[in-house]
Amino acid sequence: MNPLIFTTILMTVLLGTMIVMMSSHWLMIWIGFEMNLLAIIPILMKKYNPRTMEASTKYFLTQATASMLLMMAIIINLMHSGQWTITKVFNPTASIIMTSALAMKLGLTPFHFWVPEVTQGISLTSGLILLTWQKLAPMSILYQISPSINLNILLTMAVLSILVGGWGGLNQTQLRKIMAYSSIAHMGWMTAVLVYNPTLTMLNMLIYIMMTLTMFMLFIHSSSTTTLSLSHTWNKTPLTTTLILITLLSMGGLPPLSGFMPKWMIIQELTKNSSIILPTLMAIMALLNLYFYMRLTYSTSLTMFPSTNNMKMKWQFETKRITLLPPLIVMSSLLLPLTPMLSILD
Amino acid sequence: MMTYIVFILSVIFVVSFVGFSSKPSPIYGGLVLIVSGGVGCGIIMSFGGSFLGLMVFLIYLGGMLVVFGYTTAMATEQYPEVWVSNTTVMGVFLLGLLMEVMLVLYVLKSEEVGVVFKFSGVGDWAIYDTGDSGVFSEEIMGVAALYSYGAWVVIVTGWSLLVGVLVILEVTRGD
């Protein structure tokens, strides 16, 4: 793609999300979402093969439907409150429709079906932008309307998302689909605590973005999109295997690593609000997630995975430049001792 | 009848939307779009917005739809699909018509129908004399406000249109 146009379109994606996050008029928020959607389509279609076109079409259709639902909720809100400012949503119907629309944009169950298919059909870098940056805008709107969200609907969607994200990722060998299901599960964790303490949603989003960014950077560095090609990392760059191990375990939420921090805080916040069965269920279902991360680490880092003999003697081409990887890895694994600093987020 | 003019026009509006949403060939879609544009213009004008209605006719129908018509005429097939030629299209069209008829009956016949929204009769659809601000009409003030207080909206929409063109060119470019 022409570099000038590519830069313009990428800047428009950024601008769309910025407009969503900083507007106080519902119409501008809708415009921001549409601008975001419009500009990310050519980024998803960077290579011109039928897979990317199919993935972009699916993404466009689901997101456009979600925008239409959002617009309907905005108009119902306007009808019942007479004003366009984004404070809280004044009508329960509008609130439910808006929550469903934003859930469609995020990829929460029962609207999660597009996430694995779209993520699989596009290149790794586009998948990275899709799973990290595109989650920021809907989450910011959910944060802003969180006082008026119907708790039953949101919690149902969240718990089902954690379940689907864990269960659906079990049978996958394609790395992009694994990341997609991991994204569904993490979105479930984030929205579960939204009504109780939205700050923790933001914390979880931050740490999730760092970990997903790290994972995708590691995949891009070794150009691997399947578990099989990832398992050859011990031969190409042995150091990456350790980094993959640490980051994956952090994503699974294991204690000394920073991925534990959001889960711990969320479970604590939920128990403070006298719900005990729910966080227990959520923690148990996060084990499903941990299982397929463990399977990846088993084949990548913990074993020298069997391969044919010519794969054991690879040509060493020039190393790809790794953007930002060391700081990301440090941040996605070692932030747990900083948990007491959470008090500044209020 | 004049108090119900907005209601009648909006019914025709929705019916023509159903007409092109049931996806006949684009030529016929454009035809119905002309009708819906004209009727939409009528709705705006009955609220006093003569400038905006004229904008719809000039820019939308006379500019964008004409270009659309020309490009569709270049790319059309020998036997374009009408509403009655394909079972699916006709089915969708009739379904949309049926839903619109049911909605109209709900609005007209029942006093207070609380399904999801409360349609209290035709109350919301009849025009009353809306806010008076003296000498200037409201819609000219609205247009003026768009270019003064709403400068950010103009910038954002202008940028979206530019990026829309770039995106479409990029997507249809192929290899």
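Residues numbered from 1 in each chain as written. Chains lettered and ligands numbered in written order. Predicted model: local features only at pLDDT ≥ 70, side-chain atom pairs only at ≥ 80, totals over all residues. Heavy atoms only, no water.

**Some thoughts on the overall build of chain B**
Part 1 of the argument: The number of helices and strands found in chain B is six helices and two strands.
Part 2 of the argument: Per-residue burial over chain B gives 28% buried out of 175 residues.
Part 3 of the argument: Residue pairs in contact within chain B that sit at least 24 positions apart in sequence constitute 61% of those at least 6 positions apart.
Part 4 of the argument: Just so you have it, chain B exposes about 11600 Å², and 74% of that area is on carbon and sulfur atoms. (Helix = DSSP H or I, 4+ residues; strand = E, 2+ residues; numbered from the N terminus. Buried < 20%, exposed > 50% of the residue type's maximum accessible area, 1.4 Å probe, protein only. Contact = heavy atoms within 4.5 Å. Areas by Shrake-Rupley, 256 points an atom, 1.4 Å probe, with all protein chains shown as cover.)

**Section: the overall build of chain A**
Part 1 of the argument: For chain A, the count of helices and strands is 15 helices and zero strands.
Part 2 of the argument: In terms of overall dimensions, chain A is globule-like: its C-alpha atoms have a radius of gyration of 20 Å, near the 20 Å expected for 346 residues.
Part 3 of the argument: Counting all 346 residues of chain A, 56% fall into the buried class.
Part 4 of the argument: Here the analysis covers contacts within chain A between residues at least 6 apart in sequence; of these, 78% occur between residues at least 24 apart.
Part 5 of the argument: For chain A, the accessible surface area stands at approximately 14700 Å², while carbon and sulfur atoms represent 71% of it.
Part 6 of the argument: Across chain A, the mean location of the 17 positive side-chain charges is 10 Å away from that of the 6 negative side-chain charges. (Rg over C-alpha atoms; globule rule 2.2 N^0.38 Å. Lys, Arg positive; Asp, Glu negative; His and termini not counted. Charge placed at Lys NZ, Arg CZ, Asp CG, Glu CD.)

**Observations regarding the domain arrangement of chain B**
Part 1 of the argument: Domain annotation for chain B reports domain 1 (1–112) and domain 2 (137–174).
Part 2 of the argument: Taken over C-alpha atoms, the centre of domain 1 of chain B sits 24 Å from the centre of domain 2 of chain B. (Domains from an automatic or database assignment.)

**Quick look at helix 3 (residues 50–81) of chain A**
Part 1 of the argument: Helix length check: helix 3 of chain A, at 32 residues, gives a terminal C-alpha distance of 46 Å against a target of 46 Å (1.5 Å per residue), a fit within 8%.
Part 2 of the argument: The positive-phi residue at the C-terminal boundary of helix 3 of chain A is Gly82(A), with phi of around 75°. (Expected span 1.5 Å × (residues − 1).)

**What about the UniProt feature "transmembrane region" (unreviewed entry) in chain B?**
Part 1 of the argument: Taking the UniProt record as the reference, the feature "transmembrane region" (unreviewed entry) is found at residues 5–21, 27–44, 51–71, 83–108 and 146–169 of chain B.
Part 2 of the argument: Its end C-alpha atoms 24 Å apart, residues 5–21 of chain B is made of 100% helix and 0% strand. (UniProt positions renumbered as here; feature names shortened; annotations may be inferred.)

**Thoughts on the interface of chain A and chain B**
Part 1 of the argument: Facing 20 residues of chain A, the contacting portion of chain B comprises 17 residues.
Part 2 of the argument: Across the chain A to chain B interface the summed buried area is about 1700 Å²; carbon plus sulfur atoms make up 81%.
Part 3 of the argument: Contact with chain B buries area across many residues of chain A, yet Met28(A), Leu38(A) and Tyr48(A) alone supply 30% of it, more than any other trio.
Part 4 of the argument: Across the chain A-chain B interface, the total number found is zero salt bridges.
Part 5 of the argument: Elements with a contribution of two residues or more to the side of chain A that touches chain B: helix 1 (3–22), helix 2 (26–44) and helix 3 of chain A.
Part 6 of the argument: Looking at the side of chain A that touches chain B residue by residue, the classes come out as 17 nonpolar, three polar and no charged. (Buried area = accessible area lost by both parts, 1.4 Å probe. Salt bridge = Lys/Arg side-chain N within 4 Å of Asp/Glu carboxyl O. Nonpolar A, V, L, I, M, F, W, Y, C, P; charged D, E, K, R; others polar.)

**Regarding the UniProt feature "domain: NADH:quinone oxidoreductase/Mrp antiporter transmembrane" (unreviewed entry) in chain A**
Part 1 of the argument: The positions that UniProt labels "domain: NADH:quinone oxidoreductase/Mrp antiporter transmembrane" (unreviewed entry) are, in the present scheme, residues 23–285 of chain A.
Part 2 of the argument: Taken end to end, residues 23–285 of chain A has its terminal C-alpha atoms 36 Å apart, with 76% of it in helix and 0% in strand.

**Let's talk about the nonpolar core**
Part 1 of the argument: Within the largest apolar cluster, 103 residues are counted, with the highest numbers of intra-cluster contacts made by Trp26(A), Tyr59(A), Met98(A) and Met282(A).
Part 2 of the argument: At 13 residues, the largest contribution of residues to this core is made by helix 9 (residues 198–221) of chain A. (Core = buried A, V, L, I, M, F, W, Y, C linked by side-chain atoms within 4.5 Å.)

**Brief notes about the pattern of salt bridges**
Residue and element names in this part refer to chain A.
Part 1 of the argument: Considering all chains together, one arrives at four salt bridges over all chains under this definition.
Part 2 of the argument: Among the salt bridges present, the one from Lys272 reaches Glu269, with a minimum N-O distance of 3.6 Å. With Lys272 and Glu269 both in helix 13 (residues 260–272), this residue pair falls three residues apart, about one helical turn.
Part 3 of the argument: You can call Glu269 buried: its relative accessible area is 13%.

**Description of the environment of Trp26(A)**
Part 1 of the argument: Looking at where Trp26(A) falls in the secondary structure, it is placed in helix 2.
Part 2 of the argument: In the structure, Trp26(A) is positioned 43 residues away from Leu69(A) in sequence and 13 Å away in space, judged by C-alpha atoms.

**Concerning helix 4 (residues 87–109) of chain B**
Part 1 of the argument: Spanning 23 residues, helix 4 of chain B covers 32 Å between terminal C-alpha atoms, matching the ideal 33 Å at 1.5 Å per step.
Part 2 of the argument: Of the positions making up helix 4 of chain B, those classed as buried are Val89(B), Phe93(B), Gly96(B), Glu100(B), Val104(B) and Val107(B).

**Some details on the environment of Met99(B)**
Residues and elements named next belong to chain B.
Part 1 of the argument: With respect to the helices and strands, Met99 occurs in helix 4.
Part 2 of the argument: The exposed category is assigned to Met99, whose relative accessible area is 54%.
Part 3 of the argument: Considered as a pair, Met99 and Val15 are 84 residues apart in the sequence and their alpha carbons are 9.9 Å apart.

**As for the packing of helix 6 (residues 124–144) of chain A against helix 9 of chain A**
When two helices pack together, their arrangement is given by the angle between the helix axes and the distance between those axes.
Residue and element names in this part refer to chain A.
Part 1 of the argument: For the pair helix 6 and helix 9, interaxial distance at closest approach is 9 Å and the crossing angle is 175°. Taken together, the axes of helix 6 and helix 9 are roughly antiparallel relative to one another.
Part 2 of the argument: Its residues assigned to classes, the contact of helix 6 with helix 9 comprises 16 nonpolar, six polar and one charged. (Axes fitted to C-alpha atoms, helices over the stretch in contact; angles between N-to-C directions. Parallel < 35°, antiparallel > 145°, perpendicular 65-115°, else oblique.)

**Describing a nonpolar patch on the surface**
Residue and element names in this part refer to chain B.
Part 1 of the argument: Among the surface-exposed residues, Met1, Tyr4, Ile8, Ile12 and Val35 lie close enough to one another that they form a single nonpolar patch of about 470 Å² accessible area.
Part 2 of the argument: Here Val35 shows up in helix 2 (residues 26–46).
Part 3 of the argument: A relative accessible area of 42% means that Val35 is categorised as partly exposed. (Patch = residues over 30% accessible without salt bridge, like charges linked within 9 Å, V, L, I, M, F, W, Y side chains within 5 Å.)

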